[in-house]
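A look at the structure
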Amino acid sequence: MIAPGSRDSARATRRFADPDRATALLTGLGLWDPAGQRPTDSGAAPVVDALADAADPDRAAAGLSRLADRVERAEPAAGGLGHRLRDSAVLRARLVGVLGASSALTDHLVAHPGDWRLLDEDAPTPVDPAALLAAVGADPADPPRGSGGTPARDGSPDTVERLRVGYQRCLLAVAARDLAGEVDLVGTTAALSRLADATLAAAHAVALAGLRPGSPACRLAVIGMGKCGGVELNYVSDVDVVFVAEPDADGGGAASEAGSLRTATWLATELIRIAGQVAWPVDAALRPEGRVGPLVRTLASHEAYYRRWARTWEFQALLKARPAAGDIALGRAYLERLAPLVWTASEREHFVADVQAMRRRVEDTLPTGLAEREVKLGPGGLRDVEFAVQLLQLVHGRADESLRSGTTLVALDALAGGGYVGRRDAVTLAASYGFLRAVEHRLQLQRLRRTHLIPDDPAALRWLARAMGYRPGARADAVTLFQAERARHAREVRRLHEKLFYRPLLDAVARVPTADLRLSPQAARSRLSALGFADPDGALRHLSALTAGVSRRAAIQRALLPVMLGSFADAPDPDAGLLAYRQVSEALQRTPWYLRLLRDTGQVADRLAVLLGSSRYVADLLSRAPEALAMLASDRDLVPRPPEQLRQALAAAVSRHADAAPDAVAAARALRRHELLRVACADLLGTLDVVEVGEALTSVMVATLRAALDAALDVTLDVALRDAGELPTRLAVIAMGRLGGAELGYGSDADVLFVHEPLPGAEAIEADRAALAVAERMRALLAEPGPDPAVSVDADLRPEGRSGPLVRSLDSYAAYYRRWSSAWEAQALLRATPVAGDADLGARFIELVDPVRHRAGGLDPAEVTEIRRIKARVDAERLPRGADRATHTKLGWGGLADIEWTIQLLQLRHAGDHPELRTTRTLDALRAASRAGLLAADDAAALEASWRTAAQARNAVMLVSGRASDQLPRRGRVLDGVARAFGYPPGRDTGEFLDAYLRATRRARAVVDRVFYD
């Protein structure tokens, strides 16, 4: 009778590469009925299924046949193996797993057939250190510590062979449970590490037994390093160790240090020889001076070396140091002595860069053709994970002792718990690390050879995929599924390695002295005062509020703030910067990406500290839109958006609130706030010059005006449709002043003219009334109080100024300019350009005013005199009381007004004859005048330099203080901030900046005196 599910078992032989041979082997094992092509009984079916599902079914069946034959010869009457395989699912999974995955362990079982019982359910613990010690005649209750330890058999071949067999039995038990899926990666590597400790201890005992009588007594500690020290050993790996020795005062008589070291060196050499014959090579190359240095040193010698000579990588290696065998008390003393050096190593100059360079060197040593197949050293391999974790540990572990684990996954979990690594990133990295270690283990188990290379042979690759648990599916075979999964893990590891390993914050944290990471309140006050905080108590309150408690947010802030304090200190106003940072942090405390962005993108944290400590304007905008700080992550995000893109974005914002004009304009103003913040950040960070700032601010203003006009038109149109059927006129907005010249500053108003044209058949009075309603509504919407900066729309440059109508028809403008236009109005029209409303009407307005502003023949002498008179009057009457004319950016000597009036006079006089002067932009007109021979090249250069300096200074005052002002301060933090905005470094005397400003404006004033008043 065939058991349920036997239909699959009946087809089991088809899963073997050689079904005929498999049938013969299974038949010989009593598991298969060749006549019926099915298992012999219900107990045989699961055994057949297990063999067919092995990593290599053919090898598994052949191995079981060999083993059964040896067992039968060794135990002819027992028959235990066959019965237990049928009865025990645990034994079946363990044994078949080994037979299909490891030819080396299969050979061991065949050579020692009784060892299959180690895999049965009731088998003892996989690693029994006592059994290994007993195998070499040492007392497990008294493990050796030095030359006076428990006697053991000497290093004869018989003793070494007993130890080798004992080691392989333990290894078999560990591998069987791993392959059966009973233990995870951490459990497996911990068991292998315990096995290494026990093997080292046994080898040490054998070496002790071989000492010549009368040898000087010593204490010898074996320090596990690398994966052995980290309790994460592979199946086959060099076991890295360091030896430390001391004279043994209890060993029977005094011993000189030199004599003790000779004894210890002999013991260490023997231990290396014996362990190499038993299990794996013991590598002591991580010792001081590497292979050229003495094999054994005293504790004092080790300490002296690490204090004076050790290189960065040697401290990284010590991260995993652990007493593994020998004199454990001496090993602990070794760690206690060197641990403080490990956890201050990151303060060394170029520490982070050195670790990063070392990882790159490892990659560079790989042959190009093998790098992609390397699961350990290649890109996206195990070393990527380990280096990233170790670097984070060494940098942050100085102040956080929870990070000081030598085990990669334990350390990664601690890094995630402390907020140094994102939870999702840590989970992804841990899963990928587990996958790669599993691949490494399967590769090494096959023949118990040290390898990390994915095979390229199809059969070997198929075996590896099956050993990893992949089976053919509906969409792909096992190899395809395995390769896709491996590629995914490699991509994730490489991505996270580059994100964590090259995180700018690491280098910044490493530069913070360890003492500054752990300060008492009093020490913190002193430190804050030394950093330049005017109110250290207030700053300490902010720090306490941000870092108090055990929350993940507080932990991340504790990692960030020591670095950011230095950036705040370098800013003109550290106190204001820290306060603003607290406000932003509290506003975003429930936003999951905020602190993650600061932690993972060091550039954002540094930029944020600089900006908040430099600019009240940015701090105010950011407090209203804290989510906008994400733009600091990339220079690309700080590039002002193109005008058309801005227009579309604001139009979309308005359209979403078509039923409520105030809401529509509020949405547009909120978007404007984001754009102002983008421009201000780019300005302060030096990615925009003053001309680009003016253009960007103008684009933002124009888009805002268009959005507000659309909203105002919608409201007015609703009324018109209700009352008269349609709006009786078309409207255009003409930019004037700095808006027309694309030279806006942060505090500039929007100077405009409103022009309309009645529709055919419309009453002029009704058209005037409708146009006025739209213009007034637009201005009111933009001026409404709210969380965003209001927009002042100034129409004072219209004909007749404030006493004239706010809106005129095109015909009315034509009549006025034909009859009444004066020289100053022509001058104002030099910057006129349409920006909103009906484009055709705007273009016809420009056609109308071109002859006025670009008059053929220029100005007559009386008009020139009139402009000069007006300029003198402006200079005399509009300079605020108490202002310093030398440093007034607008009306001061060589300031903006001087330069703009000078170039505008040249335009009024010569644009009729020189078309290249017909531009609304100051610098373009200035350069055109120079090319036309109307201005000497040196004079043009002096005027341009002064205009740029004054315009930038005016913007900087607004950015630093948060208030618009044309006057440079005489002293104080605002002046310091302005100088910093010009690129002067912290600590430089602001007098240097003022001297440079005055030099530029004096040269320009000399040109103005000659050109404007000539």
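What counts, and where the lines are drawn
- Residues numbered from 1 in each chain as written.
- Predicted model: local features only at pLDDT ≥ 70, side-chain atom pairs only at ≥ 80, totals over all residues.
- Heavy atoms only, no water.
- Helix = DSSP H or I, 4+ residues; strand = E, 2+ residues; numbered from the N terminus.
- Rg over C-alpha atoms; globule rule 2.2 N^0.38 Å.
- Buried < 20%, exposed > 50% of the residue type's maximum accessible area, 1.4 Å probe, protein only.
- Contact = heavy atoms within 4.5 Å.
- Areas by Shrake-Rupley, 256 points an atom, 1.4 Å probe, with all protein chains shown as cover.
- Lys, Arg positive; Asp, Glu negative; His and termini not counted.
- Charge placed at Lys NZ, Arg CZ, Asp CG, Glu CD.
- Salt bridge = Lys/Arg side-chain N within 4 Å of Asp/Glu carboxyl O.
- Core = buried A, V, L, I, M, F, W, Y, C linked by side-chain atoms within 4.5 Å.
- Arc of directions from axis to C-beta.
- Axes fitted to C-alpha atoms, helices over the stretch in contact; angles between N-to-C directions.
- Parallel < 35°, antiparallel > 145°, perpendicular 65-115°, else oblique.
- Nonpolar A, V, L, I, M, F, W, Y, C, P; charged D, E, K, R; others polar.

1. Structural notes on the overall build of the protein
When its secondary structure is counted, the protein shows 45 helices and 12 strands. Against the 2.2 N^0.38 benchmark of 31 Å for 1014 residues, the protein shows a C-alpha radius of gyration of 41 Å, more extended than a compact globule. The C-alpha extent of the protein, read off along each of the three principal axes, is 130 × 80 × 50 Å. By the burial criterion, 55% of the 1014 residues in the protein qualify as buried. Residue pairs in contact within the protein that sit at least 24 positions apart in sequence constitute 73% of those at least 6 positions apart. When the accessible area of the protein is evaluated, it comes to approximately 42300 Å², of which 50% is carbon and sulfur surface. The positive charge centre, built from 129 side chains, and the negative charge centre, built from 129, are 2 Å apart in the protein.

2. Digging into the pattern of salt bridges
Per the stated rule, a full pass over the model turns up 63 salt bridges. Across the pair Glu900 and Arg738 runs a salt bridge whose closest N-O atoms are separated by 2.9 Å. A residue pair is termed long-range when its members are at least 10 positions apart, and Glu900 in helix H41 (residues 896-910) and Arg738 in helix H35 (residues 737-740) qualify at 162 residues. Owing to a relative accessible area of 13%, Arg738 belongs among the buried residues under this scheme. Note that Asp939 and Arg1010 form a salt bridge whose closest N and O atoms lie 2.9 Å from each other.

3. Overview of the nonpolar core
In this structure, Tyr581, Leu629, Leu705 and Phe754 are the most contacted members of the largest nonpolar core, which totals 96 residues. Examining the composition of this core, we find that 13 residues originate from one element, helix H34 (residues 690-723), more than from any other. Counting residues in hydrophobic clusters, the runner-up holds 82 residues, among them Leu95, Leu105, Leu163 and Tyr167.

4. Quick notes on the side chain of Glu863
Mapped onto the elements, Glu863 comes out in helix H40 (residues 861-877). The class of Glu863 is buried, set by a relative accessible area of 16%.

5. Focus: unusual backbone geometry
The phi torsion at Ala742 lies on the positive side, around 55°, for a residue other than glycine. With respect to the helices and strands, the residue Ala742 is situated in the loop between H35 and strand S9 (750-758). Unusually for a residue other than glycine, Glu800 sits at a positive phi of about 70°. Residue placement: Glu800 occurs in the loop between strand S10 (793-794) and strand S11 (807-809). Assessed through its relative accessible area of 44%, Glu800 is described here as partly exposed.

6. Here's the deal with helix H5 (residues 80-87)
Among all positions of H5, only Gly80, Leu81 and Leu85 are buried. The buried residues of H5 occupy one face: seen down the axis, they fall within an arc of 125°. Exposed residues pointing more than 90 degrees away from the buried face of H5 are listed as His83 and Asp87. The inward-facing, buried residues of H5 abut helix H3 (44-52), helix H4 (57-74) and helix H6 (89-101).

7. Description of the packing of H40 against H41
Interhelical geometry of H40 versus H41 gives an angle of 170° and a closest axis separation of 11 Å. By the angle between their axes, H40 is roughly antiparallel relative to H41. Listed contacts from H41 to Val864, Ile867, Arg868, Ile870, Lys871, Val874 and Asp875 of H40 are Ala897, Asp898, Trp901, Leu905, Leu908 and Arg909. Partitioned by chemical class, the residues of the contact of H40 with H41 number 8 nonpolar, no polar and 5 charged.

8. What about the environment of Ile328?
Mapping Ile328 onto the fold places it in helix H15 (residues 328-342). Here Ile328 falls in the partly exposed class, since its relative accessible area comes to 29%. Residues Ile328 and Ala221, 107 residues apart in the sequence, show an inter-C-alpha distance of 6.2 Å.

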